[in-house]
Amino acid sequence: MYRTTIDEATAGNLELANLQDRAIVYVDGKQSGIIERRLNQTTLLISIPAGGRLDILVENLGRINFAKQLVSEKKGIEGVKLAGKAILGWQNFALPLEKPLAGTSQVSDGPAFYRAKLNLNAIGDTFLVMYGWTKGVVWVNGHNLGRYWKIGAQQALFVPGCWLKKGGNLVEVFELEYAGSATISGGTMPIWERE
């Protein structure tokens, strides 16, 4: 997470130099838009008041494994301009995801952790169906199942039966955007389709 304060009210293009990932942009805690490498985007039109907080949450999308970018791909943000003017004075916060963070329950329209207890009478291999979620990561009993993304094609995450136990199981989801009323259901087969 990159964070800074903008002294003067400004409206214009936010430009991220050489973004090789996916950036979610927030103005005073509200999402203003997303800039993505896969869509060849580099700018986003925003408006920010005087003294407004600008946050840019950058998700590492991994590395390109072909073409000329293979030897020169950098991660994160190299530079930021707003309405043609360079923005300096950034704070940077890492969001470690080796283990989900502890916290209190609250509703969020941005990045948030969701937890649920799943009670099982029997165990076996299964799938967690992620319809309704946008983009994030799932853990079951502390085991990282992987990432999900509504654009597909994988809409269900495999859960090995050996990671489950009879009785209570903890499911934790880190959602990058907004889950709304999304739910998780169990399935017996993988789901391969795009939104």
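Further up the page is the structure itself.
Residues numbered from 1 in each chain as written. Predicted model: local features only at pLDDT ≥ 70, side-chain atom pairs only at ≥ 80, totals over all residues. Heavy atoms only, no water.

Student: Where do I start with the sheet that holds strand 2 (residues 10–17) in this structure?
Tutor: Strand pairing in a sheet takes place through backbone hydrogen bonds and is either antiparallel or parallel in direction. The strand order across the open sheet formed by 4 strands is 5-2-7-8, and the pairing between neighbours is antiparallel. In this open sheet, the two edge strands, each paired with only one partner strand, are strand 5 (43–48) and strand 8 (85–86). In terms of strand pairing, strand 7 (residues 79–82) meets strand 8 through 2 bridges, oriented antiparallel. When the bridges of strand 8 are listed, Leu 82 appears paired with Lys 85. (Pairing = 2+ DSSP bridges. Helix = DSSP H or I, 4+ residues; strand = E, 2+ residues; numbered from the N terminus.)

Student: Looking at this structure, how should I read the packing of aromatic side chains?
Tutor: For any two aromatic rings, the description comes down to two numbers: the centre-to-centre distance and the angle of the planes. Within the structure shown, the criterion is met by 6 aromatic pairs. Aromatic pair Trp 133 and Tyr 148: ring centres 6.3 Å apart, planes at 75 degrees, arrangement edge-to-face. Of this pair, Trp 133 sits in the loop between strand 11 (126–129) and strand 12 (135–140) while Tyr 148 sits in strand 13 (residues 143–149); the two residues are 15 residues apart in sequence, bridging distant segments of the chain. Taken individually, Trp 133 and Tyr 148 each receive the classification buried, so the pair is uniform in this respect. What links up through ring pairs into an aromatic cluster is the set Phe 113, Trp 139 and Phe 174. Here the basic side chain of Lys 135 rests over the ring of Trp 149, its NZ or CZ set 4.2 Å away from the ring centre. (Phe/Tyr/Trp six-rings, centres within 6.5 Å; stacked < 30°, edge-to-face > 60°. Buried < 20%, exposed > 50% of the residue type's maximum accessible area, 1.4 Å probe, protein only. Lys NZ or Arg CZ within 6 Å of the ring centre and 35° of its normal.)

Student: Explain the sheet that holds strand 15 (residues 167–175) to me, please; I cannot follow it from the model alone.
Tutor: Read across the open sheet, the 4 strands follow the order 10-15-12-13; overall the sheet is antiparallel. The open sheet has two edge strands, strand 10 (112–120) and strand 13, and neither has a second partner. When the angles between neighbouring strand axes are averaged without regard to direction, this sheet yields 20 degrees. Relative to strand 13, strand 12 runs antiparallel, the two sharing 6 bridges. (Axes fitted to C-alpha atoms, helices over the stretch in contact; angles between N-to-C directions.)

Student: What exactly am I supposed to notice about the nonpolar core here?
Tutor: Soluble globular proteins tend to bury their nonpolar side chains together. Leu 14, Leu 16, Leu 54, Ile 56 and Ile 77 are the most contacted members of the largest nonpolar core, which totals 19 residues. Setting aside residues up to four positions removed in sequence, Ile 56 forms contacts with Met 1, Tyr 2, Leu 14, Leu 16, Ala 23, Ile 24, Ile 77, Val 80 and Trp 90. Trp 133, Val 138, Val 140 and Tyr 148 belong to the second-largest nonpolar core, a separate cluster that totals 14 residues. (Core = buried A, V, L, I, M, F, W, Y, C linked by side-chain atoms within 4.5 Å. Contact = heavy atoms within 4.5 Å.)

Student: Please explain the side chain of Asn 169 as it appears in this structure.
Tutor: Along the chain, the position of Asn 169 falls in strand 15. A polar side-chain atom of Asn 169 sits 2.7 Å from a polar atom in the side chain of Asn 141. Among residues more than four places away in sequence, those in contact with Asn 169 are Ala 116, Lys 117, Leu 118, Leu 120, Asn 141, Trp 163 and Leu 164. (Polar contact = N/O pair within 3.5 Å; in protein donor to acceptor, adjacent residues only side chain to side chain.)

Student: Quick question: what am I supposed to make of the pairing of strand 5 here?
Tutor: Moving residue by residue along a regular strand, the side chains alternate between the two faces of the sheet. Burial of the side chains of strand 5 is restricted to one face: Leu 44, Ile 46 and Ile 48 are buried, whereas none of Thr 43, Leu 45 and Ser 47 on the reverse face is. Where strand 2 meets strand 5, 6 bridges bridge the pair, whose relative direction is antiparallel. Considered in strand 5, the bridge of Gly 12 is made with Ile 46.

Student: What am I meant to see in the pattern of salt bridges here?
Tutor: All told, the structure shown has 9 salt bridges when counted by the stated rule. Two residues, Glu 177 and Arg 22, come together in a salt bridge whose shortest N-O distance is 2.4 Å. With Glu 177 in the loop between strand 15 and strand 16 (185–187) and Arg 22 in strand 3 (residues 22–27), this pair connects stretches of sequence that are 155 residues apart. Arg 22 carries the same exposure label as Glu 177, and that label is buried. Here Glu 172 ties to Arg 115 by a salt bridge, and the two come within 3.0 Å at their closest N and O atoms. Of this pair, Glu 172 sits in strand 15 while Arg 115 sits in strand 10, and the two are 57 residues apart along the sequence. The class of Glu 172 is buried, set by a relative accessible area of 7%. Here the salt bridges do not stand alone but share partners, grouping Arg 22, Glu 36, Arg 38, Glu 59, Lys 135, Arg 147 and Glu 177 into one network. (Salt bridge = Lys/Arg side-chain N within 4 Å of Asp/Glu carboxyl O.)

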